[in-house]
Structure formats: C-alpha cells, structure tokens
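Each chain, letter by letter, is given below.
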Amino acid sequence: MNRRSFLAAGLAATATPSFALPPVRFTITGAMEQGSLAFGQAPPDSLVALDGRPLSVLADGRFVFGFDYDQTKASLITVRYPDGGGDSRSFKPSLRNYEIQRVNGLPQATVTPPPEVSARIAHEAETIYLARLTQSGGTDFLSGFDWPAPGIESGVFGSQRIDNGVPVTPHFGVDMAAPVGTPIHAPAAGIVSICDDYYLDGGFTLLDHGQGVSTSYLHQSKRLVKVGDVVKRGQLMGLIGQTGRATGPHLHWAMNWFQIKLDPSRSTRKPKPDPL
Ligand SMILES: [Zn+2]
C-alpha cells in the first residue's frame, strides 16, 4: 500500500498482516518506511511501550513514534489494555535506497569547518539537541503537514555525499529551491522553541508540534516569529534565504521525532509542493 492511501485511510488500516498472526486491538499507520512517522491507536487508557520503553499516550489512546533513517530491524510495540490484557507486535520499516553522490577534488578547508568556529557550531548543535528532548503535550502533528513553501525539491532526504572519499553526514531534510524572500508558512500548528541565527544553519526556526514531533527551517533571510509564539497552520513564519552554509537560496525543511531524523515529505498531505 502506498503512503498516500495510508494517510487517506487515517487510522483505518490494521496492524495485522493477512497471515497467521492473531488480531491485536491496536493499529499502526503511516508511510512505514525508514525515516517516517508512525501513528498508533490503542484503546483509551492503554499503556504503550516501544522496544521496552514507555511511550506517551494521549487520552484517546493515540501515540506516535519514528523509524530511524537507517533502521533495519523491527520496532516492537507492546500495549497493555485497560482491562489488563495486552499484545505485542513488531513493525519493520521498508528500506529506502538513498542517493549517494561522490564529490572529489574539493579544497579540504570547505570540507572541514575552520577551528575557530567549531565551539560555536557545537553550542548551536547542543541547543537544538536540548530543544528536541522536549516532550510537550501538544497534538498539532495529528492533522498532517502542508508544504511550508512553494518551490522545486532540489534535495531529498537521506542522500549521502562522499567528499574527497570521506562520507559526510547524510542530508537530513528536504531542500526547496525558491528565490530569497519567498514566504515560509507553518505546515501545521505548533510552538516556536528556537528562533536564532546559526553558523551553519543560518536563520533557523524550530517548531514543536507535540509529543516529540518537531520541524525546522534553515537558511532563512528573515525570521518573523519569536520563541514561545503559538503559530497556526499557514501562518507566515519567515522568508527563504541563503544564510549559513548554503550554496543557493533554498529552504532546508527537517522533521524529527525527538532526536530521530525523519523525512518531512513522508508526512505531507500532498505529495509535492506547489510550483513557484
Ligand atoms: Zn538541505
């Protein structure tokens, strides 16, 4: 089943494969691929664990988790029902073929950042890491995501560059090429948890959608929200730019479940952004 019909079906799909296994009283839906969000529904007041660790469950029994971009083993979901019974079931994400680009002959200084900025870069990475530890009670992620801007998808999630023979961090986001000044709109409601200028990320905003789900916006020329703002779906958040380490004007759009990096294009209500 493709991911669009999963999303369209909402929570109707069943966790039960068509062979052998007895039915369970919970469902998991989503793209079910590496680097995607998975949505669970259990009876209200159930307790839920992911690989043996408790997961936060909303009052109506819904919960969320993410499959890591390189995850090859199954995630084990265990649910204890309010009547005392329980079930466990494994969910294995389908594997993706990420792009690999080999780039040779780069000046080494562009591959390794200069030492005088490494402390600043480390501090900014830690700030983002700490913000993504937040377990807020919001449920804004449940209504799905719009594309935050029009544009051309100029970079896909998970692609890996090998610079001068050294693998660099895979590309954990979607790049949307558009002119400087193109508006960026909130793809879902959320709370602004970071809004700052960073060395590599440029104009940077982190939006918390609840239950560990967050999205981030990099290289902005202008940021039009501030920390603590409660933004609505579709609200103007900033303008596309070329700040930080960017070779052209674009929005780098990223999604996380806590520290797990997800492909935002796997959680959008439409498969492609609007053209410019
Ligand atoms: Zn990017």
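Worth saying up front: this structure is predicted, and the values here are computed from it rather than measured. (Residues numbered from 1 in each chain as written. Predicted model: local features only at pLDDT ≥ 70, side-chain atom pairs only at ≥ 80, totals over all residues. Heavy atoms only, no water.)

Some thoughts on the coordination of the zinc ion
Quick reminder of the rule: Sites may look incomplete because water is not among the atoms; the donors themselves are N, O and S atoms within 2.8 Å of the metal, or within 3.2 Å for Na, K and Ca. Secondary structure follows DSSP: runs of H or I at least 4 residues long count as helices, runs of E at least 2 residues long count as strands, and numbering of each begins at the N terminus.
At 2.0 to 2.1 Å from the zinc ion lie its protein donor atoms, namely H171 (NE2), D175 (OD) and H252 (ND1). In primary-sequence terms, the residues that donate to the zinc ion follow H-x3-D-x76-H. Here H252 lies in strand 20 (residues 250–257) and H171 lies in the loop between strand 11 (166–167) and strand 12 (174–177), a separation of 81 residues in the sequence.

Observations concerning the layout of surface pockets
Threshold: Only protein atoms enter the calculation, which uses a 1 Å grid: trapped sets of points that fit a 1.4 Å probe without letting it out are cavities, open sets showing protein on both sides within 12 Å along at least five of seven lines are pockets, and any residue with an atom within 4 Å of a point is a lining residue. Grid points are joined across faces, edges and corners, and a volume is the space filled by probe spheres set on the points. Gly is placed with the polar residues, together with every amino acid not listed as nonpolar (Ala, Val, Leu, Ile, Met, Phe, Trp, Tyr, Cys and Pro) or charged (Asp, Glu, Lys and Arg).
Roughly 1,600 Å³ of internal volume is contained in the largest pocket. Around the largest pocket sit 41 residues that line it, and T169, P170, H171, R245 and H252 are the ones nearest its centre. When residues of the lining of the largest pocket are traced back to their parent elements, those giving at least two are helix 2 (108–111), helix 3 (118–131), strand 9 (152–155), strand 10 (160–163), strand 16 (213–220) and strand 20. Counting residues per element, the lining of the largest pocket draws most heavily on helix 3, which supplies five residues. Tallied by class, residues from the lining of the largest pocket come to 17 nonpolar, 15 polar and nine charged.

Regarding the sheet that holds strand 17 (residues 222–223)
What counts, and what does not: For two strands to be treated as a pair, DSSP must find no fewer than two bridges joining them.
A sheet is described by the order of its strands in space; here three strands give the open sequence 13-19-17, paired in antiparallel fashion. Strands at the two margins of the open sheet, each flanked by one partner only, are strand 13 (183–185) and strand 17. The pairing of strand 13 with strand 19 (residues 236–239) spans three bridges and is classified as antiparallel. Across the sheet, residue P183 finds its bridge partner in strand 19, namely L239.

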